[in-house]
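These are the residues of each chain, in order.
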Amino acid sequence: MSDQTRIALVGATGLIGTALIKKAVGRTDFRIVAIARREVDLPPGARMEVLLAPPEGWGEALAAANAPIFACALGTTWSKSGEDEDAFRAVDEKLVLASARAAKEAGARHAIIISSVGADPMSKNFYLRVKGEVERAIYKIGFKRLDIVRPGLLRGPRGGDRRVLERLGILASPLVNLAMQGDKRKYRAIDADTVAEAMLFFAGEKAGGKFIHENDAIHRAVSKLDRL
């Protein structure tokens, strides 16, 4: 439909990107345009575009997407990066920032970025420090609206991608979540589908500004989306 708002999505093959594509099926308000380096498995009923390009060609792909909203669900893991800091930064920092800058140059006014609970550029934890540094850099790009989404442990189908401790954490998450009260609520595990639904709500928000959304805010966004 001509009145659909286009969302340029990078990280379409990951857990949250896959969930966002699934949650957008049947919607008449948004149209996903995925930018990826390989084919994307689409759910039944998906009506969207997939632009294939190597990462160095994503700038051109984002320009071709012609989307006012940029959604970034990019991210690797410490193990996938070979436990190499430069390899980890190549995806979670350099590719994320290059994509965000390209989207802004292509005319995107609104960015929705998946980060992590605990992100802090001063953290002693390498993963959280990189996430915090990326958040700080994206603030400076100048989107009219910026939504930083900070989920905790993500639940959802990753196949054999999970580490043993991560799988155990997910199994224990219902009880652990109950134990996390007060200021620890933000660390609760959360379903990737829930994060994706919140992203769709944020995509519909018009007010400018910079916003950080942790566990409770993500769930509030989903409840508002359900009422619309």
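Our structure's up above, just so we're on the same page.
Residues numbered from 1 in each chain as written. Predicted model: local features only at pLDDT ≥ 70, side-chain atom pairs only at ≥ 80, totals over all residues. Heavy atoms only, no water.

## As for the overall build of the protein chain
Tallying secondary structure elements over the protein chain gives 7 helices and 9 strands in all. Out of the 228 residues in the protein chain, the part that is buried amounts to 47%. Here the analysis covers contacts within the protein chain between residues at least 6 apart in sequence; of these, 69% occur between residues at least 24 apart. About 11600 Å² of surface is accessible on the protein chain, with carbon and sulfur atoms providing 52% of the total. (Helix = DSSP H or I, 4+ residues; strand = E, 2+ residues; numbered from the N terminus. Buried < 20%, exposed > 50% of the residue type's maximum accessible area, 1.4 Å probe, protein only. Contact = heavy atoms within 4.5 Å. Areas by Shrake-Rupley, 256 points an atom, 1.4 Å probe, with all protein chains shown as cover.)

## A look at the pairing of strand β5 (residues 110-114)
In terms of burial, β5 is largely enclosed, as 5 of its 5 residues are buried. Here β5 shows a buried face lined by H110, I112 and I114 and a second buried face lined by A111 and I113. Looking at chain direction, strand β4 (residues 69-72) and β5 are connected through 4 bridges and run parallel. Considered in β5, the bridge of F70 is made with A111. You can see the chain leave β4, run along helix α3 (residues 85-105) and come back into β5, and the turn it takes is right-handed. Inspection of the sheet shows β5 paired to strand β6 (residues 145-149) by 5 bridges, in the parallel sense. Directly across from I112, in β6, lies its bridge partner D147. Read as a crossover between parallel neighbours, the route from β5 over helix α4 (residues 126-139) to β6 is right-handed. (Pairing = 2+ DSSP bridges. Right-handed = clockwise from strand over helix to strand, strands pointing away.)

## Some remarks on the sheet that holds strand β1 (residues 5-10)
An order of β3-β2-β1-β4-β5-β6-β9 is seen for the 7 strands of this open sheet, with the pairing classed as parallel. Every other strand in the sheet has two partners, leaving β3 (49-52) and β9 (209-213) as the edge strands with one partner each. With strand direction ignored, the average angle separating the axes of adjacent strands in the sheet is 15°. Sheet analysis places β1 next to strand β2 (residues 30-36), joined by 6 bridges and oriented parallel. Considered in β2, the bridge of I7 is made with I32. Across the sheet, α4 lies against β5, β6 and β9, angled at about 170° from β6, the strand it touches most. (Axes fitted to C-alpha atoms, helices over the stretch in contact; angles between N-to-C directions.)

## Digging into the pattern of salt bridges
Tallying each qualifying case throughout the model produces 13 salt bridges. Between K22 and D193 there is a salt bridge; the shortest N-O distance is 3.0 Å. Of the two residues, K22 is situated in helix α1 (residues 15-24) and D193 in helix α6 (residues 192-203); the sequence distance between them amounts to 171 residues. Judged by relative accessible area, D193 falls into the partly exposed class, the value being 27%. The partner of R89 in a salt bridge is E93, with the nearest N and O atoms 2.6 Å apart. Linking R89 with E93, this pair stays in helix α3, spanning 4 residues, or about one helical turn. For the residue pair R89 and E93, the accessibility class agrees, reading buried in each case. A cluster of three or more residues bridged by salt bridges with shared partners is formed by R6, R31 and E49. (Salt bridge = Lys/Arg side-chain N within 4 Å of Asp/Glu carboxyl O.)

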